[in-house]
Amino acid sequence: MAKGQQRTAKPERLAKKPYERELLRLQQELVKLQEWVRVEGARLVVVFEGRDAAGKGGAIKRVTEYLNPRIARVAALPTPTERQKTQWYFQRYVEQLPAAGEIVLFDRSWYNRAGVERVMGFCSDEEYWQFLHQCPTFEQMLIEAGILLRKYWFSVSDTEQEQRFRDRLEDPRKRWKLSPMDVESITHWEDYSRAKDEMFVYTDIPQSPWHVVESDDKRRARINMIAHLLSTVPYHEVAPPRIELPPRPAPHGYQRPPRDLQKYVPDHAAGLR
């Protein structure tokens, strides 16, 4: 940092109470968005990208928490099979695109080629540059077909990423999130930075821009990302169909079988204090 230059102060971490209050309000709006998508037959694709441990998964969970899984689903594709490796690169992602009335959230997407595949040498230079050439055209085709495409890049600092890796290593509930590839990304920090910068040069275009989410504060990142998504879709509240519960009919002699004929789950909770 140059002499006399002042470091920009980061905002304080968002407190739990205002976070939970605003998250609930935004999730109620997401339900309205979902119903609008269903009724209007819209197709919404949301791409979540960023470094390992940048908070993509947590944001996706908060987006989908109250949504209907038959309408909103997450696409998190595994490593391509040998057959898929011989296909057009975008082909297996096309298979995941939404039909009318659906929302698809990509937990990592076709941008794997511009990130981990590029940095770790999983694709050739020719495949990489072909991707950067084809990607804007591919996304333009999606948009021209009527798909609403939103792209979010979750940005995390090196110190925060390392702390999250350590938390995962020490927490048995989160250890599955930490893969050898994640650990190796620490030693390729600048390589990933260069790859991200180059990717933005070619794919941050007016038709399908990237939206950067500062995610050192997970709560703030989730609130900001969801609020922005809602602000970019022209949804409106759809009146729900009127539903009335019918009166419960009078009993007609049904006799429940003896309880000892069935196997019940042990009352584990009874031993808690």
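Just above, that's the structure.
Residues numbered from 1 in each chain as written. Predicted model: local features only at pLDDT ≥ 70, side-chain atom pairs only at ≥ 80, totals over all residues. Heavy atoms only, no water.

Caption draft 1: Spotlight on the side chain of glutamine 34. Assignment of secondary structure puts glutamine 34 in helix α1 (residues 16–40). Engagement of the side chain of glutamine 34 in a polar contact is seen with the side chain of glutamate 35, the distance being 3.4 Å. Those residues in contact with glutamine 34, other than ones at most four positions away along the chain, are Leu67, Asn68, Ile71 and Ile103. (Helix = DSSP H or I, 4+ residues; strand = E, 2+ residues; numbered from the N terminus. Polar contact = N/O pair within 3.5 Å; in protein donor to acceptor, adjacent residues only side chain to side chain. Contact = heavy atoms within 4.5 Å.)

Caption draft 2: Examining the state of the cysteines more closely. Considering all chains together, one arrives at 0 disulfides under this definition. Free cysteine cysteine 123: the closest other cysteine sulfur is in cysteine 135, separated by 13 Å. Among the residues examined, cysteine 135 registers a relative accessible area of 0% and is labelled buried. (Disulfide = S-S within 2.5 Å. Buried < 20%, exposed > 50% of the residue type's maximum accessible area, 1.4 Å probe, protein only.)

Caption draft 3: Representation of unusual backbone geometry in the model. Of note in the backbone geometry, alanine 53 takes a positive phi value of approximately 65 degrees without being a glycine. If you trace the backbone, alanine 53 turns up in the loop between β1 (43–50) and α2 (56–64). With phi around 70 degrees, arginine 108 is a residue other than glycine that occupies positive phi space. Residue classification places arginine 108 among the partly exposed residues on the basis of a relative accessible area of 24%.

Caption draft 4: Quick look at the pattern of salt bridges. Evaluation of the coordinates by the stated rule reveals 19 salt bridges. We note a salt bridge from glutamate 162 to arginine 166, for which the minimum N-O separation is 2.8 Å. Of this pair, glutamate 162 and arginine 166 are both found in helix α7 (residues 158–170), 4 residues apart, which corresponds to roughly one turn of the helix. Judged by relative accessible area, which is 34%, glutamate 162 ranks as partly exposed. What makes arginine 166 partly exposed here is its relative accessible area of 44%. Residues participating in the shared-partner salt-bridge network are Arg13, Glu160 and Arg164. (Salt bridge = Lys/Arg side-chain N within 4 Å of Asp/Glu carboxyl O.)

Caption draft 5: Quick look at the packing of helix α6 (residues 125–144) against helix α9 (residues 189–203). Look at α6 against α9: their axes get within 9 Å of each other, and the N-to-C directions meet at 40 degrees. When α6 is examined against α9, the residues Tyr128, Trp129, Leu132, Cys135 and Pro136 are found in contact with a partner set consisting of Glu198, Met199, Tyr202 and Thr203. Residues of the contact of α6 with α9, tallied by class, amount to 7 nonpolar, 1 polar and 1 charged. (Axes fitted to C-alpha atoms, helices over the stretch in contact; angles between N-to-C directions. Nonpolar A, V, L, I, M, F, W, Y, C, P; charged D, E, K, R; others polar.)

Caption draft 6: Quick peek at a positive patch on the surface. Positive charge collects at one region of the surface, where Lys61, Lys174, Lys177 and Lys218 lie side by side. Structurally, lysine 174 can be placed in the loop between α7 and α8 (180–186). Assessed through its relative accessible area of 32%, lysine 174 is described here as partly exposed. (Patch = residues over 30% accessible without salt bridge, like charges linked within 9 Å, V, L, I, M, F, W, Y side chains within 5 Å. Areas by Shrake-Rupley, 256 points an atom, 1.4 Å probe, with all protein chains shown as cover. Lys, Arg positive; Asp, Glu negative; His and termini not counted. Charge placed at Lys NZ, Arg CZ, Asp CG, Glu CD.)

Caption draft 7: Inspection of the packing of aromatic side chains at higher detail. With the rule as written, the count across this model stands at 21 aromatic pairs. Geometrically, the ring pair formed by tryptophan 88 and phenylalanine 138 is edge-to-face, given 6.0 Å between the ring centres and 80 degrees between the ring planes. Taken together, the residues tryptophan 88 in the loop between α3 (82–85) and α4 (91–94) and phenylalanine 138 in helix α6 connect sequence positions 50 residues apart. The class for tryptophan 88 is partly exposed, based on a relative accessible area of 41%. (Phe/Tyr/Trp six-rings, centres within 6.5 Å; stacked < 30°, edge-to-face > 60°.)

Caption draft 8: Region of the structure containing the nonpolar core. Judged by nonpolar contacts, the single largest core of 31 residues is most densely connected at Leu30, Leu33, Val46, Phe48, Phe154, Met225 and Ile226. Elements with a minimum of two residues in this core: α1, β1, α2, β3 (102–107), β4 (148–155) and α10 (218–232). Considering every element that reaches this core, the biggest residue donor is α1, with 7 residues. What methionine 225 contacts, discounting residues up to four positions off in sequence, is Val46, Phe48, Val63, Tyr152, Phe154 and Val213. Residues Tyr111, Tyr128, Met199 and Phe200 belong to the second largest nonpolar core, which totals 25 residues. (Core = buried A, V, L, I, M, F, W, Y, C linked by side-chain atoms within 4.5 Å.)

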